[in-house]
Amino acid sequence: MAKQKLLMGFFLLFAAICSSVSSDEWKATVVKSIDALVGSCVVVPCSFSHTGGNLPSSRLRGIWHEKNDKKSNIYHEDYTLIKDNFKGRTKLVGDLGQNNCTLEITQIRNHDNGPFCFRVELVRTENNDPTKDKFSFVEDCVELNMITEPPKPTLIQPKTATQGEPYTVTCSVIHTCPTHVPKLTWNMDSTKVIVHHKDIKHGNWETQSILTVIPEEKDDNREITCTAEFNGGLKSPETFTLHVKRVENYNHIIIPSVVGIGTTVAFVLVCIFMTKKYKKRIEELQSRDGSMWNRLSRMSRR
């Protein structure tokens, strides 16, 4: 009996320890600082965990607020509870049921610095009221670094192109708004343009445009421009000068030579043909002329 009581006490202690550990599972991972282009948009990566286990999005409420005032909401599912200067500009693009609290802010203004923090509330299914299980992650907030000039694209290209051979140029730009990626355009027509989007972590994304052209001699010293157009209409171009290595052309020598040889061969063939055609006629005329001469000779002797 004493042994059973000892085991029971051990299990109760273990359960209490586990309960204590699980109650500390309110965690959030938010990028601490991220660049934001004024007039464009920004997406703040965010993930979290809570003590409620696996719950659908309908049982979770996500809120973003200013760090110094938990009631100063920049995002809330209830539109009336959002600060006026953020209304219509924020959206939760993450799925709360997948522990994703990622936030999008559009039409960035130069005073949207933050810091901003995420808050999660477990709600009741029947009336959507919050339960006692809620947490503001004020130790894991994000600050926005305001950028007023759009970033310049980066160009990667071989120094010299060869006339008539494929030539590839890569244009890339870093941004922080994957929901509205920059549009990369070229001032040179091509039937082959490949676009890639890549997550390079910490809220930064890279958009690439790979252009392949077949340069001609006339393209030598031509300026090629890649323009990045960001959400909100801001544009940033980057230009380089294309140098084309000419391929030597000997047509000005070969073509006249071929024409001359062809003319000579044709003339010889015509001569041979004409000779064969009229050879017999010539022989007949020569024979006739000989006979006549013989007759005249006989007549003169008489």
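Residues numbered from 1 in each chain as written. Predicted model: local features only at pLDDT ≥ 70, side-chain atom pairs only at ≥ 80, totals over all residues. Heavy atoms only, no water.

1. Let's talk about the sheet that holds strand S3 (residues 42–44)
The three strands lie next to each other as S3-S8-S7, forming an open sheet whose pairing is antiparallel. Since the sheet does not close on itself, it has two edges, and those belong to S3 and strand S7 (90–92), each with one partner. For this sheet, the mean angle separating the axes of adjacent strands, direction not counted, is 20°. (Pairing = 2+ DSSP bridges. Helix = DSSP H or I, 4+ residues; strand = E, 2+ residues; numbered from the N terminus. Axes fitted to C-alpha atoms, helices over the stretch in contact; angles between N-to-C directions.)

2. What about the environment of Gly-114?
Looking at the secondary structure, you find Gly-114 in the loop between strand S8 (103–105) and strand S9 (116–123). A relative accessible area of 35% means that Gly-114 is categorised as partly exposed. Gly-114 sits 81 residues away from Ser-33 along the chain, and the two C-alpha atoms are 9.9 Å apart. (Buried < 20%, exposed > 50% of the residue type's maximum accessible area, 1.4 Å probe, protein only.)

3. Regarding the pattern of salt bridges
Enumeration according to the criterion identifies 12 salt bridges in this entry. As a salt-bridge pair, Lys-87 and Asp-84 come within 3.2 Å of each other at their nearest N and O atoms. Classification of Lys-87 as partly exposed rests on a relative accessible area of 27%. One salt bridge in this structure joins Glu-216 and Lys-218, with 3.9 Å as the shortest N-O distance. Residue classification places Lys-218 among the exposed positions, given a relative accessible area of 68%. (Salt bridge = Lys/Arg side-chain N within 4 Å of Asp/Glu carboxyl O.)

4. Focus: the pairing of strand S19 (residues 235–242)
Direction of pairing for strand S18 (residues 222–229) relative to S19: antiparallel, over a ladder of eight bridges. When the bridges of S19 are listed, Thr-225 appears paired with Thr-239.

5. Focus: the packing of aromatic side chains
Applying the stated criterion across every chain yields a total of six aromatic pairs. Ring centres of Phe-118 and Phe-137 lie 6.1 Å apart, and the angle between their planes is 0°; this geometry places the pair in the stacked category. In this pair, Phe-118 sits in strand S9 while Phe-137 sits in the loop between strand S10 (130–136) and strand S11 (143–147), placing the two residues 19 residues apart along the sequence. Residue classification places Phe-137 among the buried positions, given a relative accessible area of 2%. Among the aromatic side chains, those forming a connected cluster through ring pairs are Trp-26, Phe-48, Trp-64, Phe-118, Phe-135 and Phe-137. Lying over the aromatic face of Phe-86, Arg-89 brings its terminal NZ or CZ to 4.8 Å of the ring centre. (Phe/Tyr/Trp six-rings, centres within 6.5 Å; stacked < 30°, edge-to-face > 60°. Lys NZ or Arg CZ within 6 Å of the ring centre and 35° of its normal.)

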